[in-house]
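Analysis of the macromolecular model
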Amino acid sequence: MTDDLRELYQEIILDHGKRPRNLRHPEDANREAKGNNPLCGDRLTVYLKVGADGAIDDVAFEGRGCAISTASASMMTEILKGKTEAEAHRLFETFQEMCTSDEFDAAAHDIEDADAIERLQVLAGVRQFPMRVKCATLAWHTMNAALEGEEKVSTE
Amino acid sequence: MSASTVAAMAPALDVAKIRRDFPILDRPVYDRRLAFLDSAASAQKPRQVIDTIRQAMEEEYANVHRGAYWLSQRATDRFETARETVARFLNAPSSDEIVFTRNTTEAINLVAASWGRTFLKEGDEVVISEIEHHANIVPWHLLKREKGIVLRVAPVDEAGNFLLDRFEDLLNDRTRLVAITHVSNAIGTIVPVAEVIRAAHRRDVPVLVDGSQAAPHMRVDVQALDADFYVFTGHKVYGPTGIGVLYGRSELLESMPPYQGGGEMIQTVSYEESTFKEPPFRFEAGTPAIVEAIGLGTAIDYLQALGWENVQANEQMLLQYATERLREIPGLRIVGTARDKAAILSFVMDCAHPHDIGTILDRSGVAIRAGHHCAQPLMERFELPATARASFGIYNTRDDVDQLTEALLQVREIFG
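Residues numbered from 1 in each chain as written. Chains lettered and ligands numbered in written order. Predicted model: local features only at pLDDT ≥ 70, side-chain atom pairs only at ≥ 80, totals over all residues. Heavy atoms only, no water.

What follows is about the interface of chain A and chain B. Taken residue by residue, the interface counts 24 residues in chain A and 18 residues in chain B. Buried surface at the junction of chain A and chain B, summed over both partners, amounts to about 1,700 Å²; 55% is from carbon and sulfur atoms. Counting across the interface, chain A meets chain B through two salt bridges. The salt bridge involving Arg363 of chain B is made with Asp4 of chain A; its shortest N-O contact spans 2.7 Å. Counting across the interface, chain A meets chain B through nine residue pairs in polar contact (both at pLDDT 80 or more). (Contact = heavy atoms within 4.5 Å. Buried area = accessible area lost by both parts, 1.4 Å probe. Salt bridge = Lys/Arg side-chain N within 4 Å of Asp/Glu carboxyl O. Polar contact = N/O pair within 3.5 Å; in protein donor to acceptor, adjacent residues only side chain to side chain.)

Moving on, we get to the sheet that holds strand 7 (residues 229–233) of chain B. All names here are of chain B. In spatial order, the strands read 2-8-7-6-5-3-4; together these seven strands make up an open sheet with mixed pairing. The sheet terminates laterally at strand 2 (98–101) and strand 4 (150–154), the two strands that pair on one side only. Recorded for the sheet is a direction-independent mean angle of 20° between the axes of neighbouring strands. Sheet topology note: the strand 7/strand 8 (residues 244–248) ladder contains five bridges and is antiparallel. Its bridge partner lying in strand 8, Tyr230 is registered against Tyr247. Sheet strands touched by helix 5 (residues 104–119): strand 2, strand 5 (175–181), strand 6 (207–210), strand 7 and strand 8. Its angle to strand 7, the strand with the most contacts, is close to 150°. (Pairing = 2+ DSSP bridges. Helix = DSSP H or I, 4+ residues; strand = E, 2+ residues; numbered from the N terminus. Axes fitted to C-alpha atoms, helices over the stretch in contact; angles between N-to-C directions.)

A word on unusual backbone geometry. Residues and elements named next belong to chain B. Following Pro279, the chain continues to Pro280 via a peptide bond in cis, the omega torsion being 0°. Note that Pro280 resides in the loop between strand 10 (274–276) and helix 11 (290–306). Phi is positive for Asp31, close to 65°, though the residue is something other than glycine. You can see Asp31 is positioned in the loop between helix 2 (15–20) and strand 1 (35–36).

Before going further, it helps to spend a moment on the domain arrangement of chain B. Residues and elements named next belong to chain B. Splitting chain B by domain gives domain 1 (3–42 + 307–415) and domain 2 (50–304). Spacing between the C-alpha centres of domain 1 and domain 2 amounts to 28 Å. Contact with domain 1, which involves 38 residues of that partner, is made by 34 residues of domain 2. Here domain 1 meets domain 2 over a buried area of about 3,100 Å², counting both sides, of which 54% is carbon and sulfur. (Domains from an automatic or database assignment.)

Let's shift gears to the packing of aromatic side chains. All names here are of chain B. Per the counting criterion, the structure on display carries twelve aromatic pairs over all chains. Ring centres 6.3 Å apart and planes at 35° place the aromatic pair Phe89 and Trp308 in the tilted group. One end of the pair, Phe89, is in helix 4 (residues 70–90); the other, Trp308, is in helix 12 (residues 308–327), and 219 residues separate them in sequence. Residue classification places Phe89 among the buried positions, given a relative accessible area of 5%. Both rings, one in Tyr238 and one in Tyr395, keep their centres 5.7 Å apart while their planes meet at 90°; by these two values the pair is edge-to-face. Here Tyr395 lies in the loop between strand 15 (387–391) and helix 15 (398–415) and Tyr238 lies in the loop between strand 7 and strand 8, a separation of 157 residues in the sequence. As far as burial versus exposure is concerned, Tyr238 and Tyr395 are alike and both buried. Every member of this aromatic cluster is reached through a ring pair, and the members are Phe22, Phe36, Tyr238, Tyr302 and Tyr395. (Phe/Tyr/Trp six-rings, centres within 6.5 Å; stacked < 30°, edge-to-face > 60°. Buried < 20%, exposed > 50% of the residue type's maximum accessible area, 1.4 Å probe, protein only.)

On to the nonpolar core. Leu90, Val178, Tyr230 and Ile394 of chain B are the most contacted members of the largest nonpolar core, which has 83 residues in total. When residues of this core are assigned to domains, at least three map to each of domain 1 (3–42 + 307–415) and domain 2 (50–304) of chain B. In this structure, Cys135, Ala139 and Val153 of chain A together with Ala390 of chain B belong to the second largest nonpolar core, which totals 80 residues. (Core = buried A, V, L, I, M, F, W, Y, C linked by side-chain atoms within 4.5 Å.)

Take a look at the structure:
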C-alpha cells in the first residue's frame, strides 16, 4: 500500500467509517439540511439542535456514503457538540482550508480550536486525493447550510 | 468455466500489437503499470487516429463546403469520406442518412427537439427502459415538460435481463416512439433490439436505438435491425471527442425541421426567410467538428480491420475471466448478470463504498469508474447508491484483470 493511501485510510477513519457516531435523527432538532454529492451519489442529512444561546446542544446525521464522507460526518458530530454557531462556522472554514491547502498551518488558527483541529488532522490526507476532497467536506458544507437556514447543498 | 478453459479459447486478436498502437498504455500511473478498465466512459486513442488528426491539421485543413480553393476541397472530401465510412460502419443505405453531432447526447437531443417537437403532443407516449443512460432520459423529460408527453419505462429483472414481454405490454395506441439503449452502460445488458424494433413496428412505432455502448463491441447493421434512428459517439469507438453520429431513415430525416439555425444548413437566406438544405446538412448548423470527423473515420477503419469476431471473442473471454476472478473475492457482488452481456462488469463490495474502491484501485494503476454511471434511476432500481465498474476494450488483457483482482484484494485488506 502506498504511504498516501495509508495516511488517507488511517485506523481512526476506518473506524468512524464503519461505526459512525451520532447516526440518528434527533426528534428535537431545529435545524437540518440535506447534502448531495452528485459525482458519487453520496447523500446525507445533518441535524442540529441549537439552543437560544447559540450553543449546539446536539448534532447528528443520517445517510450513506463512502468511508471518507461517513467518517468525516461522524467526527464532525463529535467535535461540534457543545460548540457555538460561530465556532462551528469558523471550524468549517478551517477544515476546508485543511483539506485543500498544502500551506495549512494549525498554529495560525484560534487557540480555542486547537483540540478540534488536532482531531481533524487525520482527514488532511485527502489533500493528496483532490477528487476526494468533496467527500471529506460534504458533511461540513451540509452542516453550514443547516446553520444558515438553507435546506439543500450540493458539492458540485 | 475454469481458467484453463478460458485460456484455451484464446482469441485471434493480436492484443500485444494493438497495445503498441495506443501510446497512453505505456504510461505508468503512480509508478504502476496502467490497467485501463474504463473504456465504457471513454476509450483510449490509437496512434493512427492521433496521426490522422495531426496530419489533417498540418496538411489538409480548411473549412468545409464553402471554399473555392484546393485545401477546402481536400478537407471537404476527407470530411465527406468520413461520413461514408460511418455509413458503411452502420450499413446505412446512404451517407445522406448520417448526421454528424457532437456526441450521443446531442444526437438524442436532436431527435427529441426536431422530430419530437414536431410530431409529439400531449398524452403521446415514449417508451424507454430501466437501463437507460441519462442521455436517453432527460431529453424526453424536457419534452414531457414542454409538450406533456408520457414516459413509459420497460423493466429489467433482478439479473438485469431485458423483459421483452413486459416491454410489449407497454405498447399501446398512444405509443409514438421507443427510445432504447442497445447495451447498458452501467451493467452491460445487451437488449434484444431487433425484437424490440419488430414489436414496435407491428404498431408502426419508430424506434431510436442508443448505440453508445454497442458500437465499440459489436457489428451494427441498421438495415438488418430495421432501426429508425441509431446514435453513437466517436470517443467510445477509439475516436476523438466532440464527434457523434445520428443515423436516421431518410423519410424521417426529410420530415424533420432543422435542429439549430446558422451557416452550413441553409439554401438561401433573406432578412425575411431562410430555406434549408436537405439532410444531413439541414441538421449540421455552423462549422462542424472537421478533424474530429476525419479522426472518427480512421478509428472506424482501425476497429473494423480487427474483425468483429476477434474483437468479440477477446472481450467475451475477458468478461468471463474477470467474472470468475471477481467471484473469488469474498464480499464482492456482481451487479448485472444478464445472459447477454457486453464486456462491462459492475460490482459492489460489502466492506467498501465504490468511491473508496476507486481510490485504492487508482493507486494500483487500475482505472475504473465508480459512481452512478449517469444511470441514477437504475441505481435506485437496484437500491444501490453507486457501483464500481470495470469495462473492457480491444487493448485489454488478462494481465489487466489480474491487476484488478490484486487491487481488490488490497481493498479487502484495508476495509475487510
